[in-house]
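Below are the chains, spelled out letter by letter.
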Amino acid sequence: MNVLVVGSGGREHALCWAIAQSPKCKKLYCAPGNAGTAAVAENVEIDAEDLDALIAFAQDSAIDFVVVGPEGPLVAGLVDRLDKLGIKSFGPTAAGAELEGSKAFTKDLCAKYDIPTADYDRFDEPDAAKEYITTHSTPIVVKADGLAAGKGVIICRNKNEAYAAIDQIMIEEAFGEAGTEVVVEQFLEGEEASFFALVDGETALPLLGAQDHKRAHDGDEGPNTGGMGAYSPAPVIDQAMVDRVMTEIIEPTIKGMAAEGRPFKGVLYAGLMIDDDGPKLIEYNTRFGDPECQVMCMRLKSDLLDLLLACAEGRLAKTKAEWRDEAAMIVVMAAKGYPGKYKKGSEIKGLDAADAVEGAVVFHAGTAEQDGKVLATGGRVLGVTALGKNVKEAQKRAYEAVDKIDWPEGFCRRDIGWRAIDR
Ligand code: AMP
Ligand code: GLY
């Protein structure tokens, strides 16, 4: 079949890398892709947010299956439009993607269907939000309702910080329309982890747990980023915890979404806080995590295209996913300055030597090929990934591969996986 992957990050390189290995995949395209996807797929110069051009390309190129990577086109209704044309796709409709697109919607769903999460209220008016803050304890968390590129969450140590967060989001409109409404919620303590499940509208197939490092610098310090590294398995998500997350969080969500007339299809990415009481939902994303997707693709033994098709066609009840016993780790290499200002256009060398390290695969994110050279074109640029018999060995190999890369304009954290290794 002809397959189109939408997106240009490390996640999409990993998806292309795994889908290209499927005997079912005849022709693979990636829009717009990067220098890494170009090695396993044909890149098509269409922006992931350009729905009209994506639809036209899918029709003109006889695409049988579209796999949507990022949240933007999902929330904008790409899957709805493909459905109308009878083109099969992986990902939720806009009504399903509301789980990521509106934090207030998700919190209300949790309240209605008894899904454990932080106590909260939602506000479309700053004075009412501040009144709530005045009568609740700190720390407290203020969130812009809509999509804010991962930046719309402000953890406030005291009430003054929380009032300021309300002003920043609702009055100064720091996140634009995403901040027309806010959610204010209780601060949760515990260990954070992510959990992924495929959902076909009725049935969920658990994938796996992972942990990522969101802060830019070693010791989990510095500003928040899209993610500087990740590993799987996550020791905090053992089989007993998977069972609890499935029954207490994922399954009630699927039932609730169906009951609300928004049957959910695609991947549910649950951000969790885990403490002695069990798991609580921090938030949902309705796409694979980046960089968690890369470690998942490395650990997957089953044919990814088969799994995504089973999800799109409502066949998950009869589908199993098989995993390698090995652990996987990804270390993200970013342009110096990221997540702030950084330079583009520097050359990256040593990629083949890094790929040659045992168990390692280098996934590209912000890269482009020019005259046979690979250039850095984004903030997060490479995801150096490796398998190993445990997290420690995966870490050793991932950093061995990192050290083969010759890119003075880049940096990475040197402590990815410390929490799992310290245990
Ligand atoms: P989100 O975009 O909702 O995942 O939030 C970004 C990050 O903020 C999360 O990964 C958590 O580390 C943190 N966070 C969000 N909500 C809470 C909460 N209620 N309690 C503690 N930390 C939170
Ligand atoms: N790794 C965090 C995310 O994909 O949102």
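What you are looking at is a predicted structure, and each value in this text was computed from that prediction instead of being measured.

*Asks:* Talk me through the overall build of the protein; I want residue IDs and the actual numbers.
*Replies:* Scanning the protein from terminus to terminus reveals 15 helices and 21 strands. The C-alpha atoms of the protein give a radius of gyration of 21 Å, which matches the 22 Å a tight globule of 423 residues would have. A buried classification covers 57% of the 423 residues belonging to the protein. Once local pairs closer than 6 in sequence are excluded, the contacts in the protein between residues at least 24 apart make up 67%. Accessible surface, the protein: about 17700 Å² in total, of which carbon and sulfur atoms supply 46%. Between the averaged position of the 46 positive side-chain charges in the protein and that of its 69 negative side-chain charges there is a distance of 4 Å.

*Asks:* Which residues make up the packing of aromatic side chains, and what values do they have?
*Replies:* Evaluation of the coordinates by the stated rule reveals six aromatic pairs. When the ring of Tyr29 is compared with that of Phe57, the centres are 5.0 Å apart and the planes differ by 80 degrees; the resulting orientation is edge-to-face. Of this pair, Tyr29 sits in strand β2 (residues 27–32) while Phe57 sits in helix α3 (residues 51–60), placing them 28 residues apart in sequence. Judged by its relative accessible area of 13%, Tyr29 is buried. When its relative accessible area of 15% is taken as the criterion, Phe57 is described as buried. Ring geometry for Phe196 versus Tyr269: centroids 4.6 Å apart, planes at 45 degrees, classification tilted.

*Asks:* Kindly report on the site of ligand 1, identifying the contributing residues and their values.
*Replies:* Glu185, Gln186, Leu188, Glu192 and Glu283 are the nearest of the 14 residues found near ligand 1. In this structure, Lys143 approaches ligand 1 through a side-chain N or O atom, which is 3.0 Å from a nitrogen atom. A distance of 2.6 Å is found between a nitrogen atom of ligand 1 and a side-chain nitrogen or oxygen belonging to Glu185. Considered on its own, ligand 1 offers 470 Å² of accessible surface; in the complex 89% of this is hidden by protein.

*Asks:* Tell me what's going on with the environment of Trp418, and back it up with residues and numbers.
*Replies:* Along the chain, Trp418 turns up in helix α15 (residues 418–422). As for Trp418 and Gln395, which are separated by 23 residues in sequence, their C-alpha atoms are 9.4 Å apart. Trp418 has contacts with His213, Asp220 and Arg413, leaving out every residue within four places of it along the chain. Separated by 3.0 Å, the side chains of Trp418 and Asp220 make a polar contact.

*Asks:* Break down the sheet that holds strand β9 (residues 182–186) for me, with residues and values.
*Replies:* The strand order across the open sheet built from four strands is β6-β9-β7-β8, with neighbouring strands paired in antiparallel fashion. The open sheet is flanked by β6 (120–123) and β8 (153–156), the only strands paired with a single partner. With strand direction ignored, the average angle separating the axes of adjacent strands in the sheet is 20 degrees. As judged from the four bridges shared by strand β7 (residues 140–144) and β8, these two strands associate in the antiparallel manner. Of the residues in β8, the one forming a bridge with Val141 is Ile155.

*Asks:* Before we move on, could you go through the site of ligand 2 and cite the residues and values that matter?
*Replies:* Neighbouring ligand 2 are Asp212, Gly226, Tyr269, Arg287, Gly289, Asp290, Pro291 and Glu292. Contact distances for ligand 2 include 2.9 Å between an oxygen atom and a backbone N or O atom of Asp290. In this structure, a nitrogen atom belonging to ligand 2 sits 2.9 Å away from a side-chain N or O atom of Glu292. Here ligand 2, which alone exposes 200 Å², has 85% of that area covered by the protein. For the shell around ligand 2, the per-class residue count stands at two nonpolar, two polar and four charged.

*Asks:* Which residues make up the nonpolar core, and what values go with them?
*Replies:* In terms of nonpolar packing, the biggest core is built from 46 residues, with Ile19, Val67, Phe90, Leu198, Phe288 and Leu308 touching the most fellow members. Considering every element that reaches this core, the biggest residue donor is helix α12 (residues 304–312), with eight residues. With residues near it in sequence (within four places) discarded, Ile19 still touches Val3, Val5, Cys25, Leu28, Val67, Leu304, Leu305 and Leu308. Ala360, Ala386, Val391 and Ile405 belong to the second largest nonpolar core, which has 30 residues in total.

*Asks:* Explain the environment of Gly222 to me, and be specific about the residues and the numbers.
*Replies:* With respect to the helices, strands and loops of the structure, Gly222 is situated in strand β12 (residues 221–232). Separated by 117 residues in sequence, Gly222 and Pro339 place their C-alpha atoms 9.8 Å apart.

*Asks:* Can you break down the sheet that holds strand β1 (residues 2–7) residue by residue, with the values?
*Replies:* Strand order across the open sheet formed by five strands is β3-β2-β1-β4-β5, with parallel pairing between neighbours. Both outer strands of the open sheet, β3 (42–43) and β5 (88–90), are each paired with one neighbouring strand and no more. The sheet contact formed by strand β4 (residues 65–68) and β5 spans three bridges and is parallel. Residue Val67 lies in a different strand from β5, and its bridge partner there is Phe90.

*Asks:* Residue-level account of the pattern of salt bridges, with values.
*Replies:* Within the structure shown, the criterion is met by 26 salt bridges. Across the pair Arg122 and Asp108 runs a salt bridge, and its minimum N-O distance is 2.3 Å. On the criterion of sequence distance, the pair formed by Arg122 in strand β6 and Asp108 in helix α7 (residues 103–112) is long-range, its members being 14 residues apart. With a relative accessible area of 30%, Arg122 lands in the partly exposed category. We classify Asp108 as partly exposed; its relative accessible area is 29%. With its nearest N and O atoms 2.9 Å apart, the salt bridge here joins Glu181 to Arg122. Highlighted residues: Glu181 in the loop between α9 (159–171) and β9 and Arg122 in strand β6, separated in sequence by 59 residues. Among the charged side chains, a network of salt bridges with common partners joins Glu358, Lys389, Glu393 and Arg397.

Scoring rules and cut-offs
- Residues numbered from 1 in each chain as written.
- Chains lettered and ligands numbered in written order.
- Predicted model: local features only at pLDDT ≥ 70, side-chain atom pairs only at ≥ 80, totals over all residues.
- Heavy atoms only, no water.
- Helix = DSSP H or I, 4+ residues; strand = E, 2+ residues; numbered from the N terminus.
- Rg over C-alpha atoms; globule rule 2.2 N^0.38 Å.
- Buried < 20%, exposed > 50% of the residue type's maximum accessible area, 1.4 Å probe, protein only.
- Contact = heavy atoms within 4.5 Å.
- Areas by Shrake-Rupley, 256 points an atom, 1.4 Å probe, with all protein chains shown as cover.
- Lys, Arg positive; Asp, Glu negative; His and termini not counted.
- Charge placed at Lys NZ, Arg CZ, Asp CG, Glu CD.
- Phe/Tyr/Trp six-rings, centres within 6.5 Å; stacked < 30°, edge-to-face > 60°.
- Near = heavy atom within 4 Å.
- Polar contact = N/O pair within 3.5 Å; in protein donor to acceptor, adjacent residues only side chain to side chain.
- Pairing = 2+ DSSP bridges.
- Axes fitted to C-alpha atoms, helices over the stretch in contact; angles between N-to-C directions.
- Nonpolar A, V, L, I, M, F, W, Y, C, P; charged D, E, K, R; others polar.
- Core = buried A, V, L, I, M, F, W, Y, C linked by side-chain atoms within 4.5 Å.
- Salt bridge = Lys/Arg side-chain N within 4 Å of Asp/Glu carboxyl O.

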